[in-house]
Amino acid sequence: MDQVLVLLAAAAGAGWVDAVVGGGGLLQLPATLMTGMPTVEAMATNKVSSMFGTASAAVAYARSTKIDRQVALPATGLAVMCAGLGAWAAASISAEVLRPAVMVVLLAVAAFVTLRPGFGAVPEPRLRARGRVLAAVATAGMVIAFYDGIMGPGTGTFLIIAFTTILGLDFVSASASAKIINIGTNLGALAVFAVQGHVHWGLGLGMAVCNVAGAQIGARMALRRGAAFVRIVLLCVVVAMVIRLGWQQFA
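Description of the structure in this document. What you see is a predicted model; the values in this text were computed from it and never measured. (Residues numbered from 1 in each chain as written. Predicted model: local features only at pLDDT ≥ 70, side-chain atom pairs only at ≥ 80, totals over all residues. Heavy atoms only, no water.)

Glancing now at the layout of surface pockets. For the largest pocket, the calculated volume is near 280 Å³. Looking at the largest pocket, it is lined by 13 residues, and the ones nearest its centre are Val105, Val143, Ile144, Tyr147 and Phe158. When residues of the lining of the largest pocket are traced back to their parent elements, those giving at least two are helix 5 (95-115), helix 6 (130-150) and helix 7 (155-167). Of the residues that constitute the lining of the largest pocket, the class distribution is 12 nonpolar, 1 polar and no charged. (1 Å grid on protein atoms, 1.4 Å probe; cavity = no way out; pocket = protein on both sides within 12 Å on 5 of 7 lines; lining within 4 Å. Points joined across faces, edges and corners; volume = space filled by probe spheres on them. Helix = DSSP H or I, 4+ residues; strand = E, 2+ residues; numbered from the N terminus. Nonpolar A, V, L, I, M, F, W, Y, C, P; charged D, E, K, R; others polar.)

Our focus in this paragraph is the packing of helix 3 (residues 39-62) against helix 9 (residues 201-225). Between helix 3 and helix 9, whose axes approach to 7 Å, the crossing angle comes to 30°. With respect to their mutual orientation, helix 3 and helix 9 come out roughly parallel. As for how helix 3 packs across helix 9, the hand of that crossing is right-handed. Considered class by class, the residues forming the contact of helix 3 with helix 9 number 15 nonpolar, 10 polar and 1 charged. (Axes fitted to C-alpha atoms, helices over the stretch in contact; angles between N-to-C directions. Parallel < 35°, antiparallel > 145°, perpendicular 65-115°, else oblique. Left-handed = near helix turned anticlockwise from the far one by under 90°.)

Note on aromatic pairs: each is described by the distance of the centres and the angle between the planes. A full pass over the atoms with the stated rule returns 2 aromatic pairs. With a centroid separation of 6.2 Å and 80° between ring planes, the pair formed by Trp16 and Phe229 is classed as edge-to-face. A residue pair is termed long-range when its members are at least 10 positions apart, and Trp16 in helix 1 (residues 2-20) and Phe229 in helix 10 (residues 227-250) qualify at 213 residues. Given a relative accessible area of 14%, Phe229 falls into the buried group. (Phe/Tyr/Trp six-rings, centres within 6.5 Å; stacked < 30°, edge-to-face > 60°. Buried < 20%, exposed > 50% of the residue type's maximum accessible area, 1.4 Å probe, protein only.)

Moving on to the packing of helix 6 against helix 7. For any two helices packed against each other, the geometry is given by the interaxial angle and the distance between the axes. The N-to-C vectors of helix 6 and helix 7 enclose an angle of 165°; their axes lie 10 Å apart at closest approach. Our classification of the angle between helix 6 and helix 7 gives roughly antiparallel. Every pair of crossing elements has a handedness; the one defined by helix 6 and helix 7 is right-handed. For the pair formed by helix 6 and helix 7, the contact residues are Arg132, Val133, Ala135, Ala136, Thr139, Ala140, Ile144, Tyr147 and Asp148 on the first element and Thr155, Phe158, Leu159, Ala162, Phe163, Thr165, Ile166 and Leu167 on the second. Partitioning the contact of helix 6 with helix 7 into residue classes produces 12 nonpolar, 3 polar and 2 charged. (Contact = heavy atoms within 4.5 Å.)

Our next topic: the environment of Gly197. Along the chain, Gly197 turns up in the loop between helix 8 (171-196) and helix 9. In the structure, Gly197 is positioned 153 residues away from Ala44 in sequence and 9.1 Å away in space, judged by C-alpha atoms.

Our next topic: a nonpolar patch on the surface. A cluster of nonpolar side chains, contributed by Met81, Leu85, Ile93 and Phe146, occupies part of the molecular surface with about 350 Å² of accessible area. Locating Met81 in the fold gives a position in helix 4 (residues 69-89). (Patch = residues over 30% accessible without salt bridge, like charges linked within 9 Å, V, L, I, M, F, W, Y side chains within 5 Å. Areas by Shrake-Rupley, 256 points an atom, 1.4 Å probe, with all protein chains shown as cover. Salt bridge = Lys/Arg side-chain N within 4 Å of Asp/Glu carboxyl O.)

Right, dumping it as structure tokens:
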């Protein structure tokens, strides 16, 4: 019972973090692994919770801010397939191979956001061009989606960074569009994990209820407080991810 309560609390916290800036897996995945569940089963079960929470946050964002459908819809279609491929490969590719590359990317992101205080505060429409739209679709729907299937934590964060740097969206609009694609990555990975028999459905659905509650609170806070709030949470999540991945890699 103690473990279940910890998992439910972690799911609620993960829903809040995911709704604001992504990276809820920092809370949810370690908590699930503490139960002694194998890594692939923990990732699979977390997808159930994350899918419902992300969908809930997407609805909250869609009611209050504009979704970039030109990017979100085609990227989501690609994301279902590419995240499924990542989930299929998850059991055969060691996370130790991926962690150093992910850490380097996260450190670069942290430095970039820190050194450019105005980054993501307001939209930059001048950056939007056909080539950049295609690049955003490919990056979000293929590269980041595959990462979500094979590893997971920080997917929403990477999507937000991709949209702000490539398309010039502000943090709130980027977070709103990221939620749509994140639904696709969760769905694609979950479908493969389910076929492979890795999902603990009862636990996953119980965590989903708490994840949805946290996601609703997080989405409303992000919409009310704006890009400056999202930027602060983003930096905190990125630093926490670097510390966690470094601990896993070198401890």
